[in-house]
Amino acid sequence: MFNDIGALELVTIVVLGILVFGPDKLPKVIQDVTGFIRKVRAFSDSAKHDIRSELGPEFKDFEFEDLNPKTFIRKQLTENEDLKEIRTSFDLRKELNDVSDAVKSSEAGAAPTSAAAATPAVTGPDLLKKPAAPAPEERSRFDADAT
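On a predicted model such as this, the values are computed, not experimentally measured, just so you know.

## A closer look at the overall build of the chain
From N to C terminus, the chain includes six helices and zero strands. Ordering the α and β elements of the chain from the N terminus gives α-α-α-α-α-α. Put simply, the chain has 147 residues, and 3% of those count as buried. For the chain, the accessible surface area stands at approximately 13900 Å², while carbon and sulfur atoms represent 62% of it.

What follows is the structure, given as structure tokens:
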């Protein structure tokens with residue numbers, strides 16, 4: 001529960017506790033807080049037990065931690081047999097090698113032999129070039145992003 005509290009934070013909490021409650025009342029306050037935490041844990045455990053008993057025997061393996069989306073997705077990805085089969089059948093390195101071989105062979109086969117063949121045929125707009133600003137009558141009166 002308190003895995004990320006360091007020594008400095010712990011000393012600060014103790015000093016603040018002594019300043020706020022005083023050295024004679026501090027042990028009683030600590031006992032009250034630990035008792036409260038035990039009661040909350042007992043209540044939580046009994047609520048979990050009641051929910052499991054109400055759900056029935058088909059949910060005997062139900063864990064409340066599985067309701068966390070990260071845990072749920074991780075569990076579904078690791079336990080699903082169809083996904084395991086897809087993962088084992090798909091070899092990413094083989095696919096990347098196939099694609100890189102295809103690109104290399106198309107580059108080697110499409111090497112230009114003359115200056116006329118060196119100029120590529122333009123089939124669409126040049127995407128590297130910045131488009132020209134529209135004429136004033138073509139501009140919209142409102143900024144689409146602002147509305």
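Still to come is the rest of the account.
## Looking at the pattern of salt bridges
Counting across every chain of the model gives two salt bridges. Between Asp-32 and Lys-28 there is a salt bridge, and its shortest N-O distance comes to 3.2 Å. Note that Asp-32 and Lys-28 are positioned in helix H2 (residues 26-55) at a spacing of four residues, about one turn of the helix. A salt bridge links Asp-98 to Lys-94; its shortest N-O distance comes to 3.4 Å.

## Quick notes on the environment of Ser-53
By secondary structure assignment, the location of Ser-53 is in helix H2. On the basis of relative accessible area, Ser-53 is assigned to the partly exposed category, the value being 46%. A distance of 2.8 Å separates a polar side-chain atom of Ser-53 from the backbone oxygen of Asp-50.

## Considering a nonpolar patch on the surface
Together, Val-11, Val-15, Leu-16, Leu-19, Val-20 and Phe-21 give the surface a local cluster of nonpolar side chains, amounting to about 600 Å² of exposed area. Assignment of secondary structure puts Leu-16 in helix H1 (residues 7-21).

## Some remarks on H2
For H2, with 30 residues, the first-to-last C-alpha span of 44 Å sits near the 44 Å given by 1.5 Å per residue. In the segment just after H2, Gly-56 is the residue with positive phi, at about 105°.

## What to know about the confidence of the model for the chain
Regions with low pLDDT carry predicted coordinates that are not meant to be interpreted in detail. In the predicted model, the chain carries a mean pLDDT of 78, and the fraction of residues at 70 or more is 78%. Averaged pLDDT values over the elements of the chain bottom out at 48 in helix H6 (residues 115-118) and peak at 91 in H2.

Thresholds applied
- Residues numbered from 1 in each chain as written.
- Predicted model: local features only at pLDDT ≥ 70, side-chain atom pairs only at ≥ 80, totals over all residues.
- Heavy atoms only, no water.
- Helix = DSSP H or I, 4+ residues; strand = E, 2+ residues; numbered from the N terminus.
- Buried < 20%, exposed > 50% of the residue type's maximum accessible area, 1.4 Å probe, protein only.
- Areas by Shrake-Rupley, 256 points an atom, 1.4 Å probe, with all protein chains shown as cover.
- Salt bridge = Lys/Arg side-chain N within 4 Å of Asp/Glu carboxyl O.
- Polar contact = N/O pair within 3.5 Å; in protein donor to acceptor, adjacent residues only side chain to side chain.
- Patch = residues over 30% accessible without salt bridge, like charges linked within 9 Å, V, L, I, M, F, W, Y side chains within 5 Å.
- Expected span 1.5 Å × (residues − 1).
- pLDDT = per-residue confidence, 0-100.

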